[in-house]
Amino acid sequence: MAHPHALSRPPATIAAEVGALARLAGPLVAANLLQMAVFAVDVVFVARLGPVPFAAATLGVFLFHILAFGLVGLVGAAEPLIAAAIGRRAGAVRQVRRSFRMALWLAVGGGLVVVGVMNLAEQLLRAAGQDPVVAAEAGRFCRILSVAVIPAVASALMRLTAAALGRPGWALIVTAISLVVGIAANYALVFGHFGAPALGLAGSALASVTVSIVATFAYATILLTDRRLRRFRLFGRWWRPEGSRMVEIARLGAPIALGWIAEGGLFGGAGLLMGMISVTAIDAHAVALNIAAIAFQLPFGIAQAATIRVGFAYGAGDARWIGRAGTVAIGAGIGIMVLTAALFWAIPALLVRIYLDPVREAAVATMAIELLGIAALFQLFDGAQAVAAGVLRGIQDTRVPMMIQIFGYWAIGFATAAALGFGAGLGAPGIWWGLAAGLLAVSLLLLWRWSARGRLGLMPGTARRK
């Protein structure tokens with residue numbers, strides 16, 4: 001068949017590759033930033049309920065995000081498979097449909113497991129030594145929030161599929177709709193407006209469920225009605241199993257999921273270390289990490305686009321295009337993080353002031369500013385590792401990158417954070433220097449693997465080394 005969209009054609013020049021990457025990455029980056037706003041809405045409303053509901057929601061949302069994010073990594077393996085099918089051209093419609101269908105099956109099956117874990121949240125938090133009152137509140141919150149798991153993962157899969165098929169702009173539109181729905185639902189259900197009952201923390205969970213369901217229906221409607229997307233008949237024969245394709249997605253996706261969980265766990269573990277220092281350290285860590293997380297959406301969007309670009313080239317068997325697409329993406333990821341790092345260096349106090357009153361919360365603000373100085377450095381490493389992992393996913397290389405991530409984040413990052421924070425007596429800054437060390441190690445190893453892709457047998461038509 002013909003190429004389904006112009007972005008799947010090989011670029012004639014580096015400038016053309018830059019343009020193609022920008023057209024894919026731009027809407028994805030914008031959607032990622034809007035998604036941060038969706039998450040922030042929940043925080044703003046729940047924070048007004050008091051310290052216990054806020055603590056319960058914080059713990060519940062952390063559990064939800066790390067499990068759901070891992071599941072998105074699992075089913076997101078369909079993205080490079082879909083891109084490769086488009087790049088190969090022959091039989092693309094059927095291959096795309098098979099990958100999407102089996103990834104959707106995995107989203108439902110894996111989602112049921114996550115729902116089970118979410119319903120055990122109170123017991124898990126009690127076992128982790130959390131306050132019993134907070135754990136009980138978090139348990140009730142998570143039982144409601146668990147309903148959002150499957151639609152949230154399914155909508156993420158549909159978003160990646162639409163992007164791979166040349167419609168990344170829909171992600172921005174649906175996320176904007178989600179933001180509006182989230183604000184309205186929280187306003188109505190948390191405090192009892194628009195004739196709704198005031199449900200407090202339970203209302204916030206219901207608002208999240210509402211947002212996930214709305215996003216799922218929006219994406220399903222788009223996939224069924226968009227002129228370019230409906231030709232793939234993605235929901236056709238949805239009941240039909242494809243065992244070999246499901247195994248292939250799981251083989252590629254399980255390492256992605258574990259790698260993402262390892263990274264999320266590192267920052268969560270750093271928060272626990274901060275808790276062993278002081279409440280001030282926890283608060284400063286939360287503020288600085290939130291600012292860094294917003295900046296991370298830039299290379300993360302580029303990484304998502306890079307997986308697609310490299311996947312096209314991989315499916316086409318074009319080694320030169322693979323190299324060009326990967327190199328351009330990595331350069332873009334590092335380059336954009338140079339800009340965010342410069343902001344962190346130049347105006348840290350202004351950034352922190354968005355979250356804190358520098359007079360009333362002077363100690364927290366001072367520490368957060370110091371942490372942002374360290375974050376300015378690890379921004380570069382974070383951008384490099386995110387995009388390097390993305391381009392490796394494009395050539396369907398996920399197992400060894402997962403091992404690199406687990407080793408770098410934990411054997412180097414967490415160990416160094418604990419050693420510097422407590423052994424060397426550096427406190428909170430020492431913990432963040434440990435985070436920087438872990439990100440540096442992962443970025444260097446992933447970049448080396450990308451540069452050695454030919455020697456390691458990772459290119460199309462070569463035997464992969466184990």
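Heads up: the structure comes first, above all this text.
Cut-offs applied
- All residue numbers refer to position in the chain's written sequence, counted from 1.
- Where totals are concerned, whole chains, interfaces and linings use all residues; where local detail is concerned, this predicted model gives features only for residues with pLDDT of at least 70, and gives and counts side-chain atom pairs only at 80 or more.
- The basis for every side-chain value is the complete set of non-hydrogen atoms in the structure, without hydrogens or water.
- Pairing of aromatic rings covers Phe, Tyr and the six-membered ring of Trp, with a centre-to-centre limit of 6.5 Å; geometry is then stacked below 30 degrees between planes, edge-to-face above 60, and tilted otherwise.
- A run of H or I in DSSP counts as a helix once it spans at least four residues, and a run of E counts as a strand once it spans at least two, with each numbered from the N terminus.
- We call a charge positioned above a ring when the Lys NZ or Arg CZ atom is no farther than 6 Å from the ring centre and deviates by at most 35 degrees from the ring normal.
- Buried residues are those whose accessible area, probed at 1.4 Å on protein chains only, stays under 20% of the maximum for their type, while exposed residues exceed 50% and partly exposed ones sit between those limits.
- In this analysis, two residues are considered to be in contact whenever any of their non-hydrogen atoms come within 4.5 Å of each other.
- A side-chain nitrogen of Lys or Arg and a carboxyl oxygen of Asp or Glu constitute a salt bridge if their distance falls within 4 Å.
- Residues forming no salt bridge and having over 30% relative accessible area are the ones grouped into patches, like charges within 9 Å of each other and nonpolar side chains (Val, Leu, Ile, Met, Phe, Trp, Tyr) within 5 Å.
- Only the protein chains shown count as cover for residues, and the accessible areas themselves come from Shrake-Rupley with a 1.4 Å probe.
- Any pair of nitrogen or oxygen atoms within 3.5 Å is treated as a polar contact; in protein, a donor-acceptor pairing is required on top of that, and neighbouring residues in sequence qualify only through side-chain atoms on both sides.

Quick word on the packing of aromatic side chains
For any pair of aromatic rings, geometry is given as the distance between the ring centres together with the angle between the planes. If you walk through the whole model with that rule in mind, you get 11 aromatic pairs. On the basis of an interplanar angle of 20° and a centroid distance of 5.7 Å, the ring pair of Phe296 and Phe300 is categorised as stacked. Here Phe296 and its partner Phe300 are both found in helix H11 (residues 279-316), 4 residues apart, which amounts to about one turn of the helix. Every member of this aromatic cluster is reached through a ring pair, and the members are Phe69, Trp260, Phe296 and Phe300. Positioned above the aromatic ring of Trp450 is the side chain of Arg453, whose terminal nitrogen or guanidinium carbon lies 4.2 Å from the ring centre.

Section: the environment of Pro348
In this structure, Pro348 sits in helix H13 (residues 348-353). What makes Pro348 buried here is its relative accessible area of 16%. Taking the C-alpha atoms as reference points, Pro348 and Ala319, separated by 29 residues in sequence, lie 43 Å from one another. Each residue touching Pro348, except ones within four places of it in the same chain, is listed here: Leu343, Ile369 and Leu372.

Focus on the pattern of salt bridges
A side chain with one charge can pair with a side chain of the opposite charge if their charged atoms come near. By the definition in use, this model includes 9 salt bridges. A salt bridge links Glu242 to Arg101, with the shortest nitrogen-to-oxygen separation between them at 3.1 Å. Of this pair, Glu242 sits in the loop between helix H9 (201-225) and helix H10 (243-275) while Arg101 is found in helix H4 (residues 92-118), placing the two residues 141 residues apart along the sequence. For the pair Glu242 and Arg101, one class covers both residues: buried. With a shortest N-O distance of 3.2 Å, Glu248 and Arg245 are connected by a salt bridge.

Notes on a nonpolar patch on the surface
A grouping of Leu33, Ile294, Ile354 and Tyr355 is seen on the molecular surface, where their side chains present a nonpolar patch of about 350 Å² in accessible area. Looking at the element boundaries, Tyr355 is found in the loop between H13 and helix H14 (362-394). Exposure remark for Tyr355: the relative accessible area of 34% places this residue in the partly exposed category.

Re the side chain of Thr340
Relative to the helices and strands, Thr340 resides in helix H12 (residues 319-346). There is a polar contact of 3.0 Å between the side chain of Thr340 and the backbone oxygen of Met337. In this structure Thr340 touches Ala295, Leu298 and Gln379, once residues within four positions along its chain are discounted.

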